Amino acid sequence: MKWAGVAIILLRLFLGGLFIYASVDKIFNPAAFAEIIYNYRILSGALINIAAIVLPWLELILGLLLLAGRFMPGAILIGTTLLFFFWTALLFNLARGLDIHCGCFSTQSTEQGSMLWYTFRDTAFLGTGIALFILVWRRSKKQITLETT
Amino acid sequence: MPAGKKFLLRMIGQTAAIVLAAVILGLTVNHVRPDGLSLVGDWSPEARITSAAGDSLIIPFEEAKGQHDSGRALFLDARSEVWFEMGHIKGAKNLPPNQIDRLFPQVLGDTPKDRLIVAYCDGEHCELSRDLALALLERGFTKVRVLVNGWTLWREAGLPVEEKRP
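Digging into the state of the cysteines
Residue and element names in this part refer to chain B.
Alright, step 1. What the rule picks out here adds up to 1 disulfide over all chains.
Alright, step 2. Covalent S-S linkage joins Cys121 and Cys126, the inter-sulfur distance amounting to 2.1 Å. Its S-S torsion of about -125 degrees marks the bond between Cys121 and Cys126 as left-handed, since a negative value means left-handed. In this structure, Cys121 and Cys126 share a single accessibility class: buried.

Structural notes on the confidence of the model for chain A
Low pLDDT marks regions whose predicted coordinates should not be analysed in detail.
Alright, step 1. Overall, the predicted model of chain A reaches an average pLDDT of 87, with 87% of residues at or above 70.
Alright, step 2. At the low end of the mean pLDDT range in chain A sits helix H5 (residues 115–148) of chain A, at 86; at the high end sits helix H3 (residues 45–68) of chain A, at 96.

Re the interface of chain B and chain A
Alright, step 1. Tallying the contact residues gives 32 residues for chain B and 38 residues for chain A.
Alright, step 2. Summed over both sides, the interface between chain B and chain A buries roughly 3100 Å², with carbon and sulfur atoms accounting for 73% of that surface.
Alright, step 3. Looking only at chain B, the three residues that lose the most surface to chain A are B:Phe7, B:Ile18 and B:Trp43, adding up to 24% of its buried area.
Alright, step 4. Summed over the shared surface of chain B and chain A, the number is 2 salt bridges.
Alright, step 5. The partner of B:Arg130 in a salt bridge is A:Glu35, with the nearest N and O atoms 3.2 Å apart.
Alright, step 6. Viewed at the interface, chain A and chain B are joined by 7 residue pairs in polar contact (both at pLDDT 80 or more).
Alright, step 7. In terms of residue count, the dominant contributor to the side of chain B that touches chain A is helix H1 (residues 3–32) of chain B (20 residues).
Alright, step 8. Residues that form the side of chain B that touches chain A fall into these classes: 17 nonpolar, 8 polar and 7 charged.

So, the sheet that holds strand E3 (residues 93–94) of chain B
All names here are of chain B.
Alright, step 1. Taken in spatial order, the 4 strands of this open sheet run E3-E1-E4-E5, and their pairing is parallel. In this open sheet, the two strands that pair with only one neighbour each are E3 and strand E5 (144–147).
Alright, step 2. In this structure, strand E4 (residues 117–120) lies alongside E5, joined through 4 bridges in parallel fashion. Paired with Ala119 across the bridge in E5 is Val146.

Rules behind the numbers
- Starting afresh in each chain, residues are numbered from 1 along the sequence in its written order.
- Written order determines the labels here, with chains lettered from A and ligands numbered from 1.
- The predicted origin of the model limits local features to residues at a pLDDT of at least 70 and limits the giving and counting of side-chain atom pairs to 80 or more, whereas totals for whole chains, interfaces and linings rest on all residues.
- Hydrogens and water are ignored here; the side-chain numbers use all heavy atoms of the structure.
- Pairs of cysteine sulfur atoms within 2.5 Å are identified as disulfides in what follows.
- Each residue gets one of three labels from its accessible area relative to the maximum for its type: buried under 20%, exposed over 50%, partly exposed in between, using a 1.4 Å probe on protein chains only.
- Residue-level confidence of the predictor is summarised by pLDDT, bounded by 0 at the bottom and 100 at the top.
- Helical segments are the DSSP runs of H or I of at least four residues, strand segments are the runs of E of at least two, and each set is numbered from the N terminus.
- Every residue pair with non-hydrogen atoms within 4.5 Å of one another is taken to be in contact.
- Reported buried area values correspond to the accessible surface (1.4 Å probe) lost by two parts on association, with both partners' losses combined.
- Any carboxyl oxygen of Asp or Glu within 4 Å of a side-chain nitrogen of Lys or Arg constitutes a salt bridge here.
- For the purposes of these results, a polar contact is taken to be a pair of N or O atoms within 3.5 Å, where, inside protein, one atom must be able to donate a hydrogen and its partner to accept one; residues adjacent in sequence count only when each atom of the pair is a side-chain atom.
- Under the convention adopted here, Pro, Cys and the residues Ala, Val, Leu, Ile, Met, Phe, Trp and Tyr are nonpolar, Asp, Glu, Lys and Arg are charged, and Gly plus all remaining residues are polar.
- Pairing between two strands is assigned when DSSP locates at least 2 bridges connecting them.

This is how it looks when you write it as structure tokens:
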């Protein structure tokens, strides 16, 4: 199917750009990013710094792979999983009424927006991730079938 | 091998490789950079509530109580107005840190810079009192302290409060 190929390219370019954009500020400001993770009140204290050290690089690598279209099954699995975690974390804090800085694209607390908007936006991103996951899954299965027959 | 299974194995292998790469890259860069983080941070209130110079800002409960009794300290409630209206430490003024630019003149405009200020909010992990204390230090106040979990401790101890009757 031709449209599926086009959709995969568009979606992976979008998500790839998104992840790279999200990673840059965090890579430059690890302490501020750790503070944001702390404010989410989800990870235990012992895990906060490790997450702040590794997560931005995971986002960057992921973004580059998505842009390049390499390692797609793995990249999109991690991407969708991350988006799912972010979405759950936002939803969880929305539900318990904790108003936090999203920290999604910037480590500055001046980032404007409400919890509701963040959550809505993240739902759209998660939907994009899942759609790409399904498309890649279908195409790759077909390719593997061709390779092995 | 069926295509689905092969795809799954490929996906898991790639996932492991990408995560491993991110861990190695992240740890290496963190190790090299001058502003790298320690791998396990201390996120307890004692470690977090410090001035820019690293001195602890926490005031022990008994000391805060004494300063309230003597009237030497000005208590500042850092929570939002709604919570303040529902109940606060007797004599406290309301100054949420995100409103400081707007409210500063009327709340602290004629307070001497060396007056003892005790900022509080509610809960062990509430950040508002810390944010407020740091903002006040930046504005030149010299004796700013934070009473951790202030509102809950104060009420549980049966100390003077002003509460709205329902």
